[in-house]
Amino acid sequence: MTMRFPLATATWDQAEYDALQRVIASGNFTMGENVRTFEDAFANFIGSNYAVMVNSGSSANLLMIAALCYRKLGSSLKPGDEVIVPAVSWSTTYYPLHQYGLKLRFVDIDLATLNISMDALENAITDRTKAILAVNLLGNPNDFDRVSQIIGDRDILLLEDNCESLGATFKGRQAGTFGVMGTYSSFFSHHISTMEGGLVVTDDEELYHLMLSLRAHGWTRSLPKHNLVCGEKSDDPFEEAFRFVLPGYNLRPLEMSGALGIEQLKKLPMLVSERRKNAKLLQDRVGDHDKVLIQQEVGESSWFGFSLVPRPGTGLTRDMLRSQLTPKGFEVRPIVAGNFAKNEVVKLFDYDIAGTLENADHIDKQGLFIGNHHYDVSEMIGELEQVLSSL
């Protein structure tokens, strides 16, 4: 069935198709100059020293955690270290932590912002906590002033999964840049699309060099001559090209994805601006509904989508909402992966739960979201207002 109001739509125009054709005409399809140009432009836009492109946002999270586990010149992670995570996020927020032998500590979310509860976070920190992985959910930044205050002078790393929140800002600073590293996704349904793709940003040169090696087989070929992984490379390319120093992966993006990213990044300010205009209309029309919670903005959200959460105790359920929204052409889905701690896969993790996950459970059972786009969605919001009024 064709949806009147889909969750995601294309942001490409002729510029992206022309970029693809240029790559095809060049005959160079593996990671090369287009990827490097996009990385430089992305780092400049975000305000970070370095950006490393990979083949997905999931790979970006993997690369971020891997680099921290091989870091030598600053705080690092090692098997058994405790990492605090919000209970609501996507699966590949969590998997790299398990894959590198880290202990996950699930913390409840805030029902209004959908991000990690700041009070719960403060209470969850132990003397074993080595990192906090903050997830900026559905375009919404965390309150990083409060996060910084909670960490204080303790040796706790801050990391960001910003895959859903490209273009969001907190006090004028881009989300994804508050931690030692931040990750982004450029999958089709996200703010910009390179078909598949992701990035990691950092200001730390050692982490940058580690990621360059880990991204491509753990070899030295991608590293500068003087680097913080192997020291100094040989001048003999025959000898150096197949020198392996880290247990890496092949997470390289294609040149097509880099070329698309160059064009998409030019559009990003407009894409975010239009999403924010739509969100303003949504807030004005249904923001104070007595039975449905709309996500409370922290900083300046880039509004990935519009969450609709029945207020606890009102008797309204997600099934009631779906039964009204779907016949009117709304495509709906659960909020990210709901309470991830409920999934069978966590039986394989080393994990615990700090306190209760009451809000995450409510989101899991009752929350849903609808799409937001880079074009006017006033018709959709009008239909939504009618549905909510009928409740």
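Residues numbered from 1 in each chain as written. Predicted model: local features only at pLDDT ≥ 70, side-chain atom pairs only at ≥ 80, totals over all residues. Heavy atoms only, no water.

Engineer: Explain the overall build of the protein chain residue by residue, including any values.
Structural biologist: Broken down by element type, the protein chain carries 12 helices and 15 strands. Referenced to the eigenvectors of the C-alpha coordinate spread, the extents of the protein chain come out at roughly 75 × 55 × 35 Å. With 391 residues in all, the protein chain has 56% of them scored as buried. Of all intrachain contacts in the protein chain linking residues separated by at least 6 positions in sequence, the fraction that spans at least 24 positions is 72%. Just so you have it, the protein chain exposes about 16200 Å², and 50% of that area is on carbon and sulfur atoms. With 36 positive and 50 negative side-chain charges, the protein chain shows a spacing of 2 Å between the two charge centroids. (Helix = DSSP H or I, 4+ residues; strand = E, 2+ residues; numbered from the N terminus. Buried < 20%, exposed > 50% of the residue type's maximum accessible area, 1.4 Å probe, protein only. Contact = heavy atoms within 4.5 Å. Areas by Shrake-Rupley, 256 points an atom, 1.4 Å probe, with all protein chains shown as cover. Lys, Arg positive; Asp, Glu negative; His and termini not counted. Charge placed at Lys NZ, Arg CZ, Asp CG, Glu CD.)

Engineer: Tell me about the environment of R71, and name the residues and values.
Structural biologist: Considering the arrangement of structural elements, one finds R71 in the loop between α3 (57-69) and β2 (82-86). Sequence-wise, R71 and L228 are 157 residues apart; in three dimensions their C-alpha atoms are separated by 9.5 Å. In this view, R71 contacts S76, L157, V180, D204, E206, L207 and L210; residues no more than four positions away in its chain are not counted.

Engineer: Describe the packing of aromatic side chains, and please don't skip the residues or the numbers.
Structural biologist: Inspection of the entire model under this criterion finds 18 aromatic pairs. Plain terms: the ring middles of Y70 and Y100 are 6.5 Å apart, the flat faces sit at 90 degrees to each other, and that makes the pair edge-to-face. Placement of the pair is Y70 in the loop between α3 and β2 and Y100 in the loop between α4 (91-99) and β3 (103-107), with a sequence separation of 30 residues. Here Y70 falls in the partly exposed class, since its relative accessible area comes to 27%. Taken together, the ring pairs in this structure connect Y94, Y95, F106, F340, F349 and Y351 into an aromatic cluster. Between the NZ or CZ atom of R221 and the centre of the ring of W219, over which it lies, the distance is 3.7 Å. (Phe/Tyr/Trp six-rings, centres within 6.5 Å; stacked < 30°, edge-to-face > 60°. Lys NZ or Arg CZ within 6 Å of the ring centre and 35° of its normal.)

By themselves, these observations are geometric and do not establish any function.
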